[in-house]
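Residues per chain, in single letters:
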Amino acid sequence: MPVVQNNQGSVFQGMLAPYAARAESSLGRKHPETPPESRSPFQRDRDRVIHSSAFRRLEYKTQVFVNHEGDLYRTRLTHTLEVAQVGRAIARQLGLDEDLVEAIALAHDLGHTPFGHAGQDALQECMGDLGGFEHNIQSLRIVDRLEVRYGDFPGLNLSFETREGILKHCAKSKAADLGDVGERFLRGTQPSLEAQITNLADEIAYNNHDIDDGLRAGLLDLQELCSNSLYGSIYSEVQDRYPEASKTILRHETGRRLINLLINDLVAETRQRIQSNHITSIAEVRASTRPLAAHSPEIAGQIKSLKSFLFHRMYRHPRVHRQAEKAKRLVRRLFHTLREDPRLLPLKYQARIQATDQQDKSKARIVADYIAGMTDRFAIAEYDRLFDPHGEA
C-alpha cells in the first residue's frame with residue numbers, strides 16, 4: 001500500500017477518495033495553533049481526546065448495565081472503542097480519513113451522563129426550562145470549554161471536522177448558538193462522510209453489543225431473538241456450520257457475522273449513493289440535503305425491526321427499568337440539592353458560579369456540568385455523602 005505524506009509532514013497509508021476530508025484542507029480550529037510536525041490535525045485531535053479526563057471517565061459510565069453490576073458488560077469506554085473499530089473498517093473501504101473517524105468516535109460520548117440514557121433523561125427534565133440538556137451538545141461543550149489542559153485555550157481546541165462529527169444532531173433552536181458547527185442544522189445540509197459513517201458505526205456497535213450483553217444477562221430470550229429475521233437468519237447459518245458448538249460460540253459467531261453484514265451493506269449502499277449523486281468533493285458531500293452514508297432499504301428495515309425488539313424486550317425489561325428509575329431519582333435529587341445550595345459543590349465549581357452572571361440559568365448549567373461529568377460510582381458516592389447521615393462528609 002503506498003504511503004502518502006501531506007504538506008504538514010503527516011504520513012497516511014493509502015490514497016484518500018476525492019470526497020474524503022483532507023487534513024491539509026481542514027477548516028481549522030477555534031484558536032489558531034501551529035500545525036503538528038509529525039501528525040495530521042485529525043491525529044492530534046484523536047490524541048487529545050484519549051488524554052482527556054472526560055475520556056478516562058467513560059470507563060465507569062453505564063452503557064445499559066450500571067457499572068457495578070458485572071465486569072463483562074459494556075461500559076461507555078468499551079462501546080466507544082468498538083465504535084472506533086467499526087468506523088475505521090468502514091472508512092478504509094470507502095477511502096475516507098480513518099484518523100478523523102477515530103477522533104470523532106472516541107469523542108462522541110464524552111458528554112454522556114452517569115447511568116446512560118436514564119441519567120440524560122433526568123438531567124433534561126431538570127434543565128427543561130433552563131436551556132435543556134443533550135449529550136451531543138455536552139460532548140461539544142467538553143471539548144470546546146470544559147476540559148482544562150492547555151495554557152493557550154480552553155477545552156481541547158479540536159479541528160472543525162472533528163467537532164462537526166461530534167454534534168450528530170441538534171434542534172434548530174439551539175443550532176444558532178453553536179456557531180460554525182451548528183450552521184448545517186439551519187441549512188438542512190450534511191456533515192462530512194467521516195461524520196456520517198461514524199454515526200452509523202455507533203448504531204452498528206450498540207445494537208450488536210446490547211444483544212450480546214442482553215443474552216449474557218438473561219434479559220433476552222434466544223428463541224424470541226431468533227424470530228427476528230435479521231438475527232435469526234444468521235444464527236441459523238451459524239448453527240448449520242457449527243452443529244456441535246456451545247451457545248457462547250454460536251452467540252459470538254452470529255455477532256461477528258452480523259457486524260460484517262451491516263458493514264458491507266453500508267459500504268455498498270454508500271458507494272451507490274456517492275456514484276449516483278456524482279459526488280467528487282467534500283464540498284458536494286456537505287451541500288447534500290440527504291445523507292449519503294446509509295444502509296440499503298431492505299437492511300434498514302430489518303435494523304428498525306431489530307431495534308424495536310431490543311426496545312421492548314431489553315431496554316424496557318423490568319430489571320433495566322428498575323435501575324433506570326433509581327438512577328433518575330438519584331440524579332434529580334442531586335441536581336435540585338446542589339442547585340439550591342451551591343456551597344455543596346466542589347470549590348472549583350463554586351468559583352465558576354462566582355465568575356458567572358449569577359443568573360439562575362447559568363448556575364444550573366454549572367450544576368449540570370458537574371453531574372454530567374460524574375461516573376456511575378462517583379454519583380452514588382456523592383449521593384451517599386449528601387444524604388446518608390452515616391456517610392462520609
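Residues numbered from 1 in each chain as written. Predicted model: local features only at pLDDT ≥ 70, side-chain atom pairs only at ≥ 80, totals over all residues. Heavy atoms only, no water.

Novice: Would you mind going over the overall build of the protein chain with me for this structure?
Specialist: From N to C terminus, the protein chain includes 19 helices and two strands. Rg of the C-alpha trace for the protein chain: 22 Å, near the compact-globule value of 21 Å for 393 residues, within the 12% margin. When burial is assessed residue by residue, the protein chain has 53% of its 393 residues classed as buried. Sequence-distant contacts in the protein chain: of pairs separated by 6 or more residues, those separated by 24 or more amount to 70%. (Helix = DSSP H or I, 4+ residues; strand = E, 2+ residues; numbered from the N terminus. Rg over C-alpha atoms; globule rule 2.2 N^0.38 Å. Buried < 20%, exposed > 50% of the residue type's maximum accessible area, 1.4 Å probe, protein only. Contact = heavy atoms within 4.5 Å.)

Novice: Explain the nonpolar core to me, please; I cannot follow it from the model alone.
Specialist: Generally speaking, soluble globular proteins have nonpolar side chains that are buried together. In terms of nonpolar packing, the biggest core is built from 70 residues, with Ile90 and Leu110 touching the most fellow members. For Ile90, the residues in contact, after removing those within four places along its chain, are Ile197, Ala201, Ile204, Ile263, Leu266 and Val267. With 27 residues, the next largest nonpolar core counts Leu330, Ile353, Ile371 and Ala372 among its residues. (Core = buried A, V, L, I, M, F, W, Y, C linked by side-chain atoms within 4.5 Å.)

Novice: Please explain the side chain of Thr189 as it appears in this structure.
Specialist: Take Thr189: it is sitting in the loop between α9 (183-187) and α10 (193-217). For Thr189, a relative accessible area of 13% puts it in the buried group. Sequence-distant contacts of Thr189, defined by excluding residues within four places in its chain, comprise Arg184, Arg286, Ala287 and Ser288.

Novice: Can you walk me through the environment of Ser139 in this structure?
Specialist: Residue placement: Ser139 occurs in helix α6 (residues 135-146). In this structure, the C-alpha to C-alpha distance between Ser139 and Ala107, residues 32 residues apart in sequence, is 7.2 Å. If sequence neighbours within four positions are ignored, Ser139 has contacts with Ala107, His108, Asp109, Leu110, Gly111 and Ile166. In this structure the side chain of Ser139 is engaged in a polar contact, spanning 2.8 Å, whose partner is the backbone nitrogen of Gly111. (Polar contact = N/O pair within 3.5 Å; in protein donor to acceptor, adjacent residues only side chain to side chain.)

Novice: Would you mind showing me how to read the environment of Thr198 here?
Specialist: Structurally, Thr198 can be placed in helix α10. Expressed as a C-alpha distance, the spacing of Thr198 and Met127, which sit 71 residues apart in the sequence, is 28 Å.

Novice: Mind showing me how you'd approach the packing of aromatic side chains here?
Specialist: The description of an aromatic ring pair uses the distance of the two centres, along with the angle that the planes make with each other. Applying the stated criterion across every chain yields a total of five aromatic pairs. Aromatic pair Tyr150 and Phe153: ring centres 5.1 Å apart, planes at 35 degrees, arrangement tilted. By relative accessible area, which is 30% here, Tyr150 ends up partly exposed. With centroids separated by 6.1 Å and ring planes inclined at 20 degrees, the aromatic side chains of Tyr231 and Tyr235 adopt a geometry described as stacked. One end of the pair, Tyr231, and the other, Tyr235, are both in helix α12 (residues 229-241), four residues apart, so they sit about a helical turn from each other. (Phe/Tyr/Trp six-rings, centres within 6.5 Å; stacked < 30°, edge-to-face > 60°.)

Novice: How should the pattern of salt bridges be read in this particular structure?
Specialist: Where charged atoms from two side chains of opposite charge approach closely, those side chains can pair. Using the criterion set out here, one finds 33 salt bridges in the structure. Among the salt bridges present, the one from Arg257 reaches Glu253, with a minimum N-O distance of 2.2 Å. Here the residue Arg257 and the residue Glu253 both occupy positions in helix α13 (residues 247-276), the gap between them amounting to four residues, near one helical turn. (Salt bridge = Lys/Arg side-chain N within 4 Å of Asp/Glu carboxyl O.)

Novice: I'm lost on unusual backbone geometry in this one. Help?
Specialist: Glycine aside, the phi torsion of most residues is negative, and most peptide linkages are trans. Its identity as a non-glycine residue notwithstanding, Phe115 has a phi of 65 degrees, on the positive side. Within the secondary structure, Phe115 sits in the loop between α4 (98-107) and α5 (116-126). Exposure remark for Phe115: the relative accessible area of 7% places this residue in the buried category. Within the chain, Asn157 stands out as a residue other than glycine whose phi angle is a positive 50 degrees. Tracing the sequence through the fold places Asn157 in the loop between α6 and α7 (160-166).

Novice: Mind showing me how you'd approach a positive patch on the surface here?
Specialist: Residues Arg56, Arg57, Arg149 and Lys348 make up a contiguous surface patch of positive charge. The topology assignment puts Arg57 in helix α2 (residues 53-57). (Patch = residues over 30% accessible without salt bridge, like charges linked within 9 Å, V, L, I, M, F, W, Y side chains within 5 Å. Areas by Shrake-Rupley, 256 points an atom, 1.4 Å probe, with all protein chains shown as cover. Lys, Arg positive; Asp, Glu negative; His and termini not counted. Charge placed at Lys NZ, Arg CZ, Asp CG, Glu CD.)

Novice: Sorry if this is basic, but what is going on with the packing of α10 against α13 here?
Specialist: Think of two packed helices as two axes; the pair is described by the angle between the axes and how far apart they sit. Relative orientation of the contacting elements α10 and α13 amounts to 160 degrees, with a least axis distance of 11 Å. It follows that α10 is roughly antiparallel to α13 by the angle criterion. Handedness of the α10/α13 crossing: right-handed. Contacts between α10 and α13 pair Leu193, Leu200, Ile204, Asn208, Ile211, Asp212, Leu215 and Arg216 from the former with Arg251, His252, Gly255, Leu258, Ile259, Leu262, Ile263, Leu266, Thr270 and Ile274 from the latter. Taken together, the residues of the contact of α10 with α13 sort by class into eleven nonpolar, four polar and three charged. (Axes fitted to C-alpha atoms, helices over the stretch in contact; angles between N-to-C directions. Parallel < 35°, antiparallel > 145°, perpendicular 65-115°, else oblique. Left-handed = near helix turned anticlockwise from the far one by under 90°. Nonpolar A, V, L, I, M, F, W, Y, C, P; charged D, E, K, R; others polar.)

Novice: Would you mind showing me how to read the confidence of the model for the protein chain here?
Specialist: When pLDDT drops low, the exact placement of atoms in the prediction is not to be read closely. Looking at the protein chain, the pLDDT average stands at 91 and 93% of residues meet or exceed 70. When the elements of the protein chain are averaged for pLDDT, strand β1 (residues 3-5) gives the smallest value, 39, and α4 the largest, 98. Here residues 1-13 is a poorly scored stretch, pLDDT under 50, and it has 34 contacts once near neighbours within four places are set aside; other chains count. (pLDDT = per-residue confidence, 0-100.)

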